[in-house]
Amino acid sequence: MSHGDEAKKSSETNDRRRAPRFRPTPFLARRIVAVGGGKGGIGKSLLSASLGIELATRGQRVVLLDFDLGGANLHTCLGLRQPQRTLSDFVLRRVESLPDVLVETGVPGLRLVSGASDALAMANPMHQQKLRLLRAVQALDGDVAILDLGAGSHHNVLDFFLFADHGVVTVVPEPTSIENAYRFLKAAFFRRLRALERVYDLGGVLEQATREHATKVPSPARIIEMVAQEDTGAGAELAEAVRDFHPLVVVNQVREAADLTVGDGVCLAWRRFFGLDLDYLGYLRHDPAALESLRERRPLLLERRDTPLGQDVAAIADKLLAIPAPRREAP
């Protein structure tokens, strides 16, 4: 072998040593869904549990997380007793990682992070605790993570809702529930705007708009117009970011034909007054067997998938899975 050939071989060897080995990047918690609403008793936990069961039976790896920090009951909807380790053990650092509090549900592919057992200590987590929790959710190994949120428009609930890839608002066909749903969506939207205001350094434009329109807060289109008047580039960036706010609606406790129009009506009104898209994901028909199964701690979808409720959950799952899932690299 000539000196030149030896040098070439040595160079190739060094190149191979320097070249990084290929490692496939894992994509974890590919789809994060948050189920919220304006008040309690509207079926958020029922929807979360049923959707988790439905997706798991389709071969999805699902993690249900009870994020109702003040009144966790998702384990009951799954027919389970309160697990010994709960979300509070992770947030309060009694365990190191979120998977340490995962429990099997008895449904293949479906695991649960039960809600806080000490509600007073967990009702209002500190900012750093919340950030650590959300990072841990993103890092979960699974196809779908479903967050069952608490009722109301507390800023922690709104932050969890906005954190998700898909924010689902649950409503029942009653005037008070619909009004509360609008309040929840408005609160979530303006929470997002305030975060964007800091990101784009908008100099208090939102606060000024709110102050100048004390009786009626301007529409998103008007707010973007006000920003653009001050800074054209910032206005364009804000308009693009606002378009990402795209919640979904599920109507629960549908009893009659008129109730089926509630979802489309909510979406139309939101689009008319706010100029933003709100999609109707589906409905859940009233099923007396669901209440009976809850009392007996027997999830209805595990025993009878052919019920009206089972068919409705399947239709919602179809629409949800049809939405492109974000690709998220492992942290």
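Before any of the text, the structure's been laid out above.
A. Layout of the overall build of the chain. Of the regular secondary structure elements, the chain holds 15 helices and eight strands. For the chain, long-range pairs separated by at least 24 residues make up 76% of all intrachain contacts whose partners lie at least 6 apart in sequence. As displayed, the chain offers around 17000 Å² of accessible surface, 51% of which is attributable to carbon and sulfur atoms.

B. Quick peek at the sheet that holds strand S4 (residues 110-113). The strand order across the open sheet built from eight strands is S3-S4-S2-S5-S1-S6-S7-S8, with neighbouring strands paired in mixed fashion. Unpaired on one side and paired on the other, strand S3 (102-104) and strand S8 (279-285) mark the two borders of the sheet. Ignoring which end each strand starts from, the neighbouring axes of this sheet average 25 degrees apart. In this structure, strand S1 (residues 31-36) lies alongside strand S5 (residues 144-149), joined through five bridges in parallel fashion. What sits directly across from Ile-32, in S5, is Ala-145. Relative to the sheet, helix H2 (residues 44-57) contacts S1, strand S2 (62-67), S4, S5, strand S6 (166-171), strand S7 (248-254) and S8, its axis offset from that of S5 by approximately 170 degrees. Contacts from helix H15 (residues 308-322) reach S1, S6, S7 and S8, with the element oriented near 165 degrees to S8.

C. Quick peek at helix H11 (residues 232-242). All of the buried residues along H11 are Ala-234, Gly-235, Leu-238, Ala-239, Ala-241 and Val-242. End-on view of H11: buried residues confined to an arc of 165 degrees, all on one side of the axis. Residues of H11 that are buried in the fold lie against helix H8 (175-199) and helix H10 (220-230).

D. Spatial organisation of the pairing of S5. Of all six residues in S5, six are buried; the element is thus mostly enclosed. Judged by which residues are buried, S5 turns out to be covered on both faces: Val-144, Ile-146 and Asp-148 on one side and Ala-145, Leu-147 and Leu-149 on the other are all buried. Bridge analysis of S2 against S5 gives six bridges, and the strand direction is parallel. Bridge pairing in S5 links Val-63 to Ala-145.

Cut-offs applied
Residues numbered from 1 in each chain as written. Predicted model: local features only at pLDDT ≥ 70, side-chain atom pairs only at ≥ 80, totals over all residues. Heavy atoms only, no water. Helix = DSSP H or I, 4+ residues; strand = E, 2+ residues; numbered from the N terminus. Contact = heavy atoms within 4.5 Å. Areas by Shrake-Rupley, 256 points an atom, 1.4 Å probe, with all protein chains shown as cover. Pairing = 2+ DSSP bridges. Axes fitted to C-alpha atoms, helices over the stretch in contact; angles between N-to-C directions. Buried < 20%, exposed > 50% of the residue type's maximum accessible area, 1.4 Å probe, protein only. Arc of directions from axis to C-beta.

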